[in-house]
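Working through the structure, step by step
Listed below are the residues making up each chain.
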Amino acid sequence: MGLRWDAVGLHSGTVRVERVAVEAAGTVTHKPYPQVQGRTAGSPPSALRVELLAAHRERYPAGSVGEVFTNAAGGPLRRTLFRARGWRPSLVRAGLLDNVVEGLRFHDLRHCSATWLVSGGGPVKRGAPPRT
């Protein structure tokens, strides 16, 4: 929700995590990232699809404070609406949601990413040297 274009390096294939978007009572506010210095997340080309982000940037204008993803009116995305209108329908189409199981949470993607990084030899903890 809080990703802004100034934090996306299309040429370098990186995303700087500098702030978070917090939704409370239907209002989205932006706050600095909880860690003192933030972090830069590099991605393998298969994970950060630069060409898709570039096409998105061409098609959709940035939000009022430079947000990458906005709602239909150009305002900030609200987590509750994203879950209902985007995430859950995607899970249904992918066969990952049924009447019994809630399904994959969007936050679970963060854990998947960490697992892939570690299995590829990346550091277990942020700031640690890569495993050899």
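The structure under discussion appears in the preceding block.
The rules behind the values
- Residues numbered from 1 in each chain as written.
- Predicted model: local features only at pLDDT ≥ 70, side-chain atom pairs only at ≥ 80, totals over all residues.
- Heavy atoms only, no water.
- Helix = DSSP H or I, 4+ residues; strand = E, 2+ residues; numbered from the N terminus.
- Buried < 20%, exposed > 50% of the residue type's maximum accessible area, 1.4 Å probe, protein only.
- Contact = heavy atoms within 4.5 Å.
- Lys, Arg positive; Asp, Glu negative; His and termini not counted.
- Salt bridge = Lys/Arg side-chain N within 4 Å of Asp/Glu carboxyl O.
- Polar contact = N/O pair within 3.5 Å; in protein donor to acceptor, adjacent residues only side chain to side chain.
- Pairing = 2+ DSSP bridges.
- Expected span 1.5 Å × (residues − 1).
- Bend = angle between axes of the 7 residues up to and from the residue.

Focus: the overall build of the protein chain
When helices and strands are counted, the protein chain shows three helices and five strands. Reading the secondary structure of the protein chain in the N-to-C direction produces β-β-β-β-β-α-α-α. Going through the 132 residues of the protein chain one by one, you find that 23% of them count as buried. If you take every contact in the protein chain between residues at least 6 apart in sequence, the share linking residues at least 24 apart comes to 45%.

Quick look at the side chain of Glu67
Its location among the elements puts Glu67 in the loop between helix H1 (50-59) and helix H2 (79-93). Here Glu67 is buried and forms no salt bridge, its nearest opposite-charge partner Arg4 lying at an N-O distance of 6.0 Å. Polar side-chain contacts of Glu67 include one of 3.2 Å to the backbone nitrogen of Val65. Contacts of Glu67, omitting those with residues within four sequence positions, involve Met1, Leu3, Arg4, Trp5, His30, Ala62 and Pro76.

Remarks on the pairing of strand S2 (residues 14-17)
Judged from the two bridges that link them, strand S1 (residues 8-9) and S2 form a sheet pairing that is antiparallel. When the sheet's bridge partners are listed, Gly9 is paired in S2 with Thr14. The antiparallel pairing of S1 with S2 creates a hairpin that spans four residues between the two strands, and Gly13 there sits at a positive phi of about 70°.

What about H2?
With 15 residues, H2 should cover 21 Å at 1.5 Å per step; its first-to-last C-alpha distance of 20 Å lies within 8% of that length. The largest bend along H2 measures about 30° and falls at Trp87, with the proline Pro89 one to four residues further on. Directly after H2, the chain includes Gly95, whose backbone phi takes a positive value near 75°.

Brief notes about the pattern of salt bridges
Applying the stated rule across the entire model yields two salt bridges. Between Asp6 and Arg19 there is a salt bridge, with the nearest N and O atoms lying 3.4 Å from each other. Of the two residues, Asp6 is situated in the segment before S1 and Arg19 in strand S3 (residues 19-24); the sequence distance between them amounts to 13 residues. Relative accessible area serves as the criterion here: at 47%, Asp6 is assigned to the partly exposed category. On the basis of relative accessible area, Arg19 is assigned to the buried category, the value being 18%. For Glu18, the salt bridge goes to Arg19, with nearest N and O atoms at 3.4 Å.

Comments concerning the environment of Thr29
Position of Thr29 relative to the elements: it lies in strand S4 (residues 27-32). Each C-alpha atom of the pair Thr29 and Gly2 lies 8.8 Å from the other, and the pair is 27 residues apart in sequence. Residues in contact with Thr29, not counting those within four places in the same chain, are Val20, Ala21 and Val22.

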